[in-house]
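Close look at the chain arrangement
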Amino acid sequence: MEIRIHNSWTKYLEKEFNKLYFRQLTDFVNLEYKIGECYPKKAEIFNAFLHCSFQNIKVVIIGQDPYHGENQANGLCFSVNEGIKHPPSLKNIFKEIETDLNIPYPKNGNLERWAKQGVLLLNTVLTVRHSKPASHKAKGWEKFTDAVIKTINEKKRNTIFLLWGASAKKKAKLINENHHFILPSGHPSPLSANKGYWFNNKHFSTANSLLKTAHLSTIDWS
């Protein structure tokens, strides 16, 4: 497993990387990538920590696990590389932004532009086997992402956590609402969104309003 992260994360995560569970997780992931097709590419597994520095974090979006289709996952939750057809969840995210902020639907589905502004795009599980959603669940990733959220909770203030879906909502217990903001919602996948659990959550306008209240620069969600 290739760990490529922004150097600002090193002092917070290196202890985690040396723990037994993480070494076991690394062995599992390496074997899975060796015997079958897994996503994202090994070099992109930690892209959330590469494209958003620790100091820059203002918003944390938490999803479930990566897209399990070919050429989709790129290490940032809900994101795909430019030129890749937008998966249904990403379509629904962009539709919500359209109605919430009157921002036109974008052609480019690569959310690296959000990460650079301080949006940590974090799945609860960072890898997946081809065509098998949740196939890398309960192998250690959840423990790692718990540690990430605990660190942000302890070391940062006024961070806005957007918890999308049941897996993400479980992380709420790790966040001190006296120091941070929690905005829960259904998952943007059609299974949830079409039942009324996603659309009109106004998370994007609300996040920017909260950033203004905290005297922080807002996010350009276009």
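Above this note sits the structure.
Definitions and cut-offs
Residues numbered from 1 in each chain as written. Predicted model: local features only at pLDDT ≥ 70, side-chain atom pairs only at ≥ 80, totals over all residues. Heavy atoms only, no water. Axes fitted to C-alpha atoms, helices over the stretch in contact; angles between N-to-C directions. Helix = DSSP H or I, 4+ residues; strand = E, 2+ residues; numbered from the N terminus. Parallel < 35°, antiparallel > 145°, perpendicular 65-115°, else oblique. Left-handed = near helix turned anticlockwise from the far one by under 90°. Contact = heavy atoms within 4.5 Å. Nonpolar A, V, L, I, M, F, W, Y, C, P; charged D, E, K, R; others polar. Phe/Tyr/Trp six-rings, centres within 6.5 Å; stacked < 30°, edge-to-face > 60°. Lys NZ or Arg CZ within 6 Å of the ring centre and 35° of its normal.

What follows covers the packing of helix α2 (residues 20-35) against helix α6 (residues 141-155). At a minimum axis distance of 9 Å, the contact between α2 and α6 shows a crossing angle of 130°. Judged on the interaxial angle alone, α6 and α2 are oblique. Read as a crossing pair, α2 and α6 show a hand that is left-handed. Contact residues: Tyr21, Phe22, Leu25 and Val29 in α2; Trp141, Lys143 and Phe144 in α6. Among the residues making up the contact of α2 with α6, the classes are represented as 6 nonpolar, no polar and 1 charged.

Attention shifts here to the packing of aromatic side chains. Evaluation of the coordinates by the stated rule reveals 21 aromatic pairs. Joined through ring pairs, the aromatic side chains of Trp9, Tyr12, Phe17, Tyr21, Phe22, Phe46, Phe49, Phe54, Trp141 and Phe144 make up one cluster. Across the ring face of Phe54, the terminal group of Lys156 is positioned such that the distance to the ring centre comes to 5.4 Å.

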